[in-house]
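Analysis of the macromolecular model
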Amino acid sequence: MPSARWPSRLWIVRHGESAGNVARDAAHAAGVERIDLSHRDVDIPLSPLGEEQARALGAWFARADPDDRRDILLVSPYVRARQTLNLFREQGGAAGDEPIVIDERLREKEFGILDGLTTSGVASAYPDQAEFRRILGKFYHQPPGGESWCDVIFRLRSLMDTIALHYAGRRVMIVAHQVVVLCLRYVIENLTEDEILAIDQQGDVANCSVTEYRFDPDGPQDGALTLIRYNDVVDHQGSAPVTAEPDRTTGVRG
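The sections below set out a description of the structure shown in this document. (Residues numbered from 1 in each chain as written. Predicted model: local features only at pLDDT ≥ 70, side-chain atom pairs only at ≥ 80, totals over all residues. Heavy atoms only, no water.)

Time to look at helix 3 (residues 79-90). Here helix 3 is 12 residues long and its end C-alpha atoms lie 16 Å apart, about the 16 Å a rise of 1.5 Å per residue gives. Residues of helix 3 that are buried include every one of V79, R80, A81, T84, L85, L87 and F88, and no others. Residues of helix 3 that are buried in the fold lie against helix 2 (48-62), strand 2 (72-75), strand 3 (100-102) and strand 4 (171-176). G92 lies just past helix 3 and shows a positive phi near 90°. (Helix = DSSP H or I, 4+ residues; strand = E, 2+ residues; numbered from the N terminus. Expected span 1.5 Å × (residues − 1). Buried < 20%, exposed > 50% of the residue type's maximum accessible area, 1.4 Å probe, protein only. Contact = heavy atoms within 4.5 Å.)

Two faces belong to every sheet, and in a regular strand the side chains alternate between them. With 6 of its 6 residues buried, strand 1 (residues 9-14) lies for the most part within the structure. Side chains of strand 1 alternate between two faces, with R9, W11 and V13 and L10, I12 and R14 buried alike. Alignment of strand 1 against strand 4, held across 6 bridges, turns out to be parallel. The partner of R14 across the bridge, within strand 4, is A176. Here strand 1 runs beside strand 5 (residues 210-216); their pairing, made up of 5 bridges, is antiparallel. Among the inter-strand pairings, W11 is bridged to a residue of strand 5, identified as E212. (Pairing = 2+ DSSP bridges.)

Along helix 8 (residues 193-201), the residues that are buried comprise I196, I199 and D200. One face of helix 8 carries all of its buried residues, which in axial projection span an arc of 100°. Exposed side chains of helix 8 directed beyond 90 degrees from the buried face belong to D194 and Q201. Residues of helix 8 that are buried sit in contact with helix 6 (149-166), helix 7 (178-189) and strand 6 (224-232). The first or second residue beyond helix 8 is G203, which carries a positive phi of 145°. (Arc of directions from axis to C-beta.)

Bringing unusual backbone geometry into the picture now. At N190, a position not held by glycine, the phi torsion is positive, near 55°. Tracing the sequence through the fold places N190 in the loop between helix 7 and helix 8. Exposure remark for N190: the relative accessible area of 67% places this residue in the exposed category. Although it is not a glycine, C208 sits at a positive phi angle of roughly 60°. Within the fold, C208 resides in the loop between helix 8 and strand 5. Overall, the relative accessible area of 0% leaves C208 in the buried class.

Together, F132, I135, L136 and Y140 make up a nonpolar patch on the protein surface, roughly 420 Å² of accessible area in all. Tracing the sequence through the fold places F132 in helix 5 (residues 127-136). Note on F132: relative accessible area 41%, which makes it partly exposed. (Patch = residues over 30% accessible without salt bridge, like charges linked within 9 Å, V, L, I, M, F, W, Y side chains within 5 Å. Areas by Shrake-Rupley, 256 points an atom, 1.4 Å probe, with all protein chains shown as cover. Salt bridge = Lys/Arg side-chain N within 4 Å of Asp/Glu carboxyl O.)

Checked against the element boundaries, V179 lands in helix 7. With 27 residues separating them along the chain, V179 and V152 place their C-alpha atoms 8.1 Å apart.

Right, let's talk about the pattern of salt bridges for a bit. Applying the stated criterion across every chain yields a total of 14 salt bridges. One salt bridge connects R155 with E147, and the closest N-O pair in it is separated by 2.7 Å. Both residues of the pair, R155 and E147, belong to the buried class. In this structure, a network of salt bridges that share partners links the residues R9, E212, R214, R229 and D232.

Worth remembering: the numbers are spatial, not functional.
Structure (structure tokens):
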């Protein structure tokens, strides 16, 4: 069957605003080189606003047609992503008995030695890396101990193979991070480096925004996932302010 390769619906959600986003703003306002955080990146929780955003998203999805509900929930192992999905489910965005599958391939892009530095911090502490990134661009630059966008894409190709193998024809929701949202677009839509970087240049992926695909049986190669909406927060956030902060390491975001 043509649909055997793909889920029938796919939603990709960025986590709510995190304490790391807030600390980043404070670091830039103070003009310092390092973001003041004591947690590992994996352990950074949602901010109070991020919790509000996640609840608003869940309440909006709870009003959807019951036949249009998600039945597979995949999430990054990072605390801020898992909190987002748990709050989403508590508000009725998904049935309470639906299992949540934690998949490490959905983790945030790893920044290596540049983790936690602001733009000025990178230039001051590692001027060679700042120059390498300028020359190579964010798609290919890999800081020591970290990942390039290509590295993230490699693991997301594996993730999509798993989804095709186990969840074909199902309604799948993913909760993860900004770079993961963008790199999944690259994989699913077969984009080029220039195309995905042009999308990135249009602005940050908003916290708790929704990117949605539906399976089109008339698409290329016996059917394909078709983009329905990208970075959408208009429908669901209501009174919860929209935030679109870069993730923790601003100087090398993505």
